[in-house]
Amino acid sequence: MNNKLLIASALAAGLALTQGADAAEAGRDYISIVGSSTVYPFATVVAEQFGKGGKFKTPKVEATGTGGGIKLFCGGVGVQYPDIANASRAMKKTEFETCQKAGVKDIVEVKIGFDGIVAAQSKKSKDKLELTRKELYLALAKRVPDPAKPDGDALVENPYKTWNEINPKLPNVKIEVLGPPPTSGTRDAFAELALEGGCAQIPWIKAKKETDDAWFKNVCMTVREDGAYIEAGENDNLIVQKLEANPTAVGIFGYSFLDQNSDKLLAAPVDGVAPSYEHIASGKYAISRPLFFYVKKAHVGVIPGIEAYVTEFTSEKAFGEEGYLADKGLIPLPEAERKHIATAAKKMTPMTMK
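Residues numbered from 1 in each chain as written. Predicted model: local features only at pLDDT ≥ 70, side-chain atom pairs only at ≥ 80, totals over all residues. Heavy atoms only, no water.

An unreviewed UniProt entry annotates the chain as Phosphate ABC transporter substrate-binding protein, PhoT family of Methylomagnum ishizawai.

### Section: the packing of aromatic side chains
Test applied: Any two rings among Phe, Tyr and Trp, with Trp reduced to its six-membered ring, count as a pair given centres within 6.5 Å; such a pair is stacked if its planes are under 30 degrees apart, edge-to-face if over 60, and tilted if neither. Categorising residues by exposure relies on relative accessible area from a 1.4 Å probe, with only protein chains included: less than 20% of the type maximum marks a residue as buried, more than 50% marks it as exposed, and the intermediate range marks it as partly exposed. Only DSSP runs of H or I reaching four residues or more are called helices, and only runs of E reaching two or more are called strands; each is numbered from the N terminus.
Enumeration over the complete set of coordinates arrives at seven aromatic pairs. Judged by centre distance (6.1 Å) and plane angle (25°), the rings of phenylalanine 292 and tyrosine 294 are stacked. Owing to a relative accessible area of 0%, tyrosine 294 belongs among the buried residues under this scheme. Residues phenylalanine 293 and phenylalanine 313 carry aromatic rings whose centres are separated by 4.9 Å and whose planes lie at 40° to one another, so their mutual orientation is tilted. Here phenylalanine 313 lies in helix H13 (residues 306-313) and phenylalanine 293 lies in strand E11 (residues 288-296), a separation of 20 residues in the sequence. Each member of the aromatic cluster is reached from another via a ring pair, and the members are Phe50, Phe56, Phe293, Tyr309 and Phe313.

### Comments concerning the pattern of salt bridges
Quick reminder of the rule: Throughout this description, the term salt bridge denotes a Lys or Arg side-chain nitrogen within 4 Å of a carboxyl oxygen of Asp or Glu.
Within this structure, the stated rule accounts for 17 salt bridges. Aspartate 213 serves as the salt-bridge partner of lysine 209, at 3.0 Å between the closest nitrogen and oxygen. Classification of lysine 209 as partly exposed rests on a relative accessible area of 29%. Put simply, glutamate 316 and arginine 338 hold a salt bridge, and the shortest N to O gap is 2.9 Å. Of this pair, glutamate 316 sits in helix H14 (residues 316-319) while arginine 338 is found in helix H15 (residues 335-347), placing the two residues 22 residues apart along the sequence. Overall, arginine 338 belongs to the buried group, its relative accessible area being 3%.

### With respect to the confidence of the model for the chain
The test is simple: pLDDT runs from 0 to 100 and stands for how confident the predictor is about each residue. A contact between two residues is defined here by any heavy atoms of the two lying within 4.5 Å.
With 92% of its residues at a pLDDT of 70 or more, the chain shows a mean pLDDT of 89. Between residues 1-25, whose pLDDT stays under 50, and residues either more than four places distant or in other chains, the model counts 18 contacts.

### Remarks on the state of the cysteines
A disulfide bridge is the covalent bond that connects two cysteines by way of their sulfur atoms. To keep things clear, this is the line we draw: In this description, a disulfide is simply a cysteine sulfur pair whose atoms lie within 2.5 Å.
Within the structure shown, the criterion is met by two disulfides. What pairs with cysteine 74 in a disulfide is cysteine 99, and their sulfur atoms sit 2.0 Å apart. Where cysteine 74 bonds to cysteine 99 through sulfur, the torsion about that S-S bond is close to -80°, and the disulfide is left-handed. Of this pair, cysteine 74 sits in the loop between helix H3 (66-73) and strand E3 (84-87) while cysteine 99 sits in helix H4 (residues 93-101), and the two are 25 residues apart along the sequence.

### Observations regarding H3
Taken as a whole, H3 has its buried residues at Thr66, Gly68, Gly69, Ile70 and Phe73. Buried residues belonging to H3 abut strand E1 (32-35), E3, H4, strand E4 (107-122), helix H7 (185-199) and E11.

### What to know about unusual backbone geometry
Even without being glycine, aspartate 271 reaches a positive phi, approximately 55°. Relative to the helices and strands, aspartate 271 is located in the loop between strand E10 (265-267) and helix H12 (277-282). With relative accessibility at 30%, the residue aspartate 271 sits in the partly exposed group. Positive phi values are uncommon outside glycine, yet methionine 348 reaches one of about 55°. Along the chain, the position of methionine 348 falls in the segment after H15. Judged by its relative accessible area of 4%, methionine 348 is buried.

### Here we look at the nonpolar core
Generally speaking, soluble globular proteins have nonpolar side chains that are buried together. Put simply, the rule reads: Residue types Ala, Val, Leu, Ile, Met, Phe, Trp, Tyr and Cys, when buried and joined through side-chain atoms within 4.5 Å, form a set referred to as a nonpolar core. Those domain boundaries reflect an automatic or database domain assignment.
If you look at the biggest cluster of nonpolar residues, it comprises 90 residues, and the most contacted ones within it are Trp163, Tyr309 and Leu325. No other element matches the eight residues that E4 contributes to this core. Both of domain 1 (32-114 + 289-347) and domain 2 (116-288) provide at least three residues apiece to this core. Every residue in contact with leucine 325, bar those within four places of it in the chain, is listed here: Phe42, Val45, Val46, Phe313, Ala318, Phe319 and Leu330. Core analysis: the second largest hydrophobic core is formed by 13 residues, Phe73, Cys74, Ala87 and Tyr294 among them.

As structure tokens, then:
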């Protein structure tokens, strides 16, 4: 290739990366990170540590929710689009396909650890809850089995107003649950692990899963909209504040926020198991999930510091058993898996999806 062609290729590559960006954005010299509010505090700590190194600017981290963050990330290649998307669930096939169609071809998936989803109350609450996944489903699903026909197989709009209507052993307190919106990975994971997990304990509903999975998921994972479940946005700190103001309410969020607010909040055991570091790490706590971030490989080498940021995040001093992220509530991966992930991340090995 002659010099003119080399220059033309370089200009074309540069144009592709800056096309549509404002002049001010064209020379972006910091990493742009969006996504999960659960991963946000971990990413923020890593960004601060990374920025202290002095070689690169501190990345800008925004909590947009997992779904919202991946949508922004998959918008295209160029400095007007984020470099990294944090996620409190794995990227969906539909999202991956959207990325591909928009030219975001090579995506590096980095699994960082585990988190549990908790149902927490203010420590001021006089009525402490101990729940099962089935009770969570009955409290929060849009449609539930008709309580007037316990031996039937009919569904009705959720009639339960208080916890003791579901189980007389539970307190006579209004069902009022503050939780994340549909764009949140925490909401997705809670619906799948807690609500679907509880719903599947009802034999006649579970039996229909084999013949009509779409019906099963719709019944099990659709959240009621009559005021018992209140979408509190992507700001988990706001849920903490609201629980303090309303001790009878329950909040749904990641274990890391419980850990950071243990002086104010108490989580309900689920299926007889309290959400703790040990129980989540061992898999004993039922409502736990892995956490991720996704890197746009096309931006590596163009936006300064991406490789170094990924190296910092996947270092033992960060996501290891004794790392600074464990102090913030991240449940580390097993050692062998951490080493494998750190190696793949360093090589920037793109993910595949079948």
